[in-house]
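# Residue-level structural notes
Given next are the chains, with one letter for each unit.
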Amino acid sequence: MSRILKNYIYNIAYNLVALVVPLLTAPYLARTLGADMLGVFAYINSATSIICTVSMLGTYTFGNRQVAYTRDDKQQMSQEFSNIMGLRILLGIVGSIVFFAFGFLSEYRFYFLIYYIYYLGYVLDCSWLFVGVEDMKICTVKNTVAKVGSAVCIFLFIKTEKDLFLYTLILALATFIANASVYTQIKKYADICKVQWKSILPNLKTAFQLCLPTLVATIYLQVDKLMIRWITGNTYEITYYDQAEKVIMIPLAFITVLSSVMMPRIANEFHNGKKEQVKHLITKACSYSMMMACPLMFGMMGIAGNFIPWYLGKAYMPVAYAVMVLAPYIITNTLLGISGNQYFMATDQISILLKSNLIGMVANIITNAILIPQMGYLGAAVATVLSQCLMTVFQYYHMNRQFPIVSTIIKQGRYLIYGAIMFVAVILCGKINLSPFMITIMQIVVGMVAYFIILIIARDKQIQEIFNIIRKK
């Protein structure tokens, strides 16, 4: 477990940076670029994300898994790396044609042209090699430098809403430079081999099978913003929804990092036939993740109404309503990260993931089509939560048929009760007559202390394990 702990610390370090940087830049961008321009970028980014996922056909996840499978044989792993990287470049050429075609037909073609630099960086990304060998340090360093560098450039160069092209260029270059920079570290784990093109076709088929769940998931995650633009005809509602998603993702960073750390270890244990160890790791991940997810959900619901107006500005109060609606996403996303990324993906049960994501995508599109005309961005938020709930039920039904995970989930229901008690304390703090900023700080501190006290009084097993680990250190 020492390597898992080490990688978890690296990922936490990066996610702290990923947490702080948006916290600093979001209010600045909200006041300089404004809701309309931020909505334009969110639209471009969503469309590009879909094109990236389609064109790369799951080669990132496939590469990550193949490296995890073959990392005990450097020669075999080197050949796998070269083949998959060759495939990514080939697919990137085809994807470029699609990207330019879509961008040319859009009214935002100028910004799409700038953002092509991001697409190139996505194609060149080889960090799946380092994730597969469970060396998160390299990825952490390059992503941290990119985040900090882009933040500095934003404060230096973004001054008005006319600077949207500079903002687009900064983010695109940050991704490209970060992903290109790690090529100097490849030789540490793999040698560059001649691509065996005859092996590309089988790899393409497997990668495509892995791609389908990711592709469908990307569509249902990104289509909300596209449908808001197509149905409402404006971009500021995209910003309200997009900013709410980003706020929700802040606390999720501490939980979802567990999936990226655990997946290679679970894949390796499964490949070596240690199925009982796989079940043990999944059960542990579920217990600790739910212990964190429940208070985070109630916490975000409790502070949103006071936090958003002073953070983004009073004009962005609609974001607070979307945060409250999207808050259950924290729990559903946590559960799906365990079942999907940590279990079904690592154990090569792609068909279940595909069916689950198809259910989510179809439900999301249909619900969006019904609710967005009536509720706007809030309709998209409701659609996201409903589709995630359907996916969670589907995946855990199938996982429970393989080992009794639902009983573990039911036991974690106590954290909902603990979180609800904490929620009352947070709401009461919001009624104190202080500045909005100080109220938010007090709500966070009181919420954390209240939840911690509840865990101690309840003699929670997870918190006791944490105490035992600390004592041994």
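Up top is the structure these notes are about.
Remember, it's a predicted structure, so these values are computed and weren't measured experimentally.

## A short note on the environment of proline 404
With respect to the helices, strands and loops of the structure, proline 404 is situated in the loop between helix 15 (377-400) and helix 16 (406-411). The exposed category is assigned to proline 404, whose relative accessible area is 58%. Along the primary structure proline 404 and threonine 283 are separated by 121 residues, whereas in three dimensions their C-alpha atoms are 9.4 Å apart.

## Looking at the packing of helix 2 (residues 34-56) against helix 4 (residues 74-105)
For the pair helix 2 and helix 4, the least separation of the axes is 9 Å and the interaxial angle reads 145°. For helix 2 against helix 4, the interelement crossing comes out right-handed. Residue-level inspection shows Tyr43, Ala47, Thr48, Ile51, Ser55 and Met56 of helix 2 in contact with helix 4, the latter providing Arg88, Leu91, Gly92, Gly95, Val98, Phe99 and Phe102. Classifying every residue of the contact of helix 2 with helix 4 by side-chain character gives 8 nonpolar, 4 polar and 1 charged.

## Some details on the packing of helix 2 against helix 8 (residues 164-181)
Between helix 2 and helix 8, the shortest axis-to-axis distance is 11 Å and the interhelical angle comes to 40°. When the axes of helix 2 and helix 8 are compared, the pair comes out oblique. In the packing of helix 2 onto helix 8, the handedness of the crossing is right-handed. Counted together, Met37, Val40 and Phe41 of helix 2 and Leu164, Tyr167, Thr168 and Leu171 of helix 8 form the full contact between these two elements.

## Things to note about the pattern of salt bridges
Summed over all chains, the structure comprises 5 salt bridges. Residue glutamate 107 pairs with arginine 229 through a salt bridge whose shortest N-O separation is 2.5 Å. Here the residue glutamate 107 occupies a position in the loop between helix 4 and helix 5 (109-124), and arginine 229 occupies one in helix 9 (residues 200-232), the gap between them amounting to 122 residues. Classification of arginine 229 as buried rests on a relative accessible area of 15%. A salt bridge links lysine 225 to aspartate 242, with the nearest nitrogen and oxygen atoms 3.2 Å apart. One end of the pair, lysine 225, is in helix 9; the other, aspartate 242, is in helix 10 (residues 236-271), with 17 residues separating them in the sequence. For lysine 225, a relative accessible area of 6% gives the class buried. Among the charged side chains, a salt-bridge network with shared partners connects Lys225, Asp242, Glu245 and Lys246.

Rules of the game
Residues numbered from 1 in each chain as written. Predicted model: local features only at pLDDT ≥ 70, side-chain atom pairs only at ≥ 80, totals over all residues. Heavy atoms only, no water. Helix = DSSP H or I, 4+ residues; strand = E, 2+ residues; numbered from the N terminus. Buried < 20%, exposed > 50% of the residue type's maximum accessible area, 1.4 Å probe, protein only. Axes fitted to C-alpha atoms, helices over the stretch in contact; angles between N-to-C directions. Left-handed = near helix turned anticlockwise from the far one by under 90°. Contact = heavy atoms within 4.5 Å. Nonpolar A, V, L, I, M, F, W, Y, C, P; charged D, E, K, R; others polar. Parallel < 35°, antiparallel > 145°, perpendicular 65-115°, else oblique. Salt bridge = Lys/Arg side-chain N within 4 Å of Asp/Glu carboxyl O.

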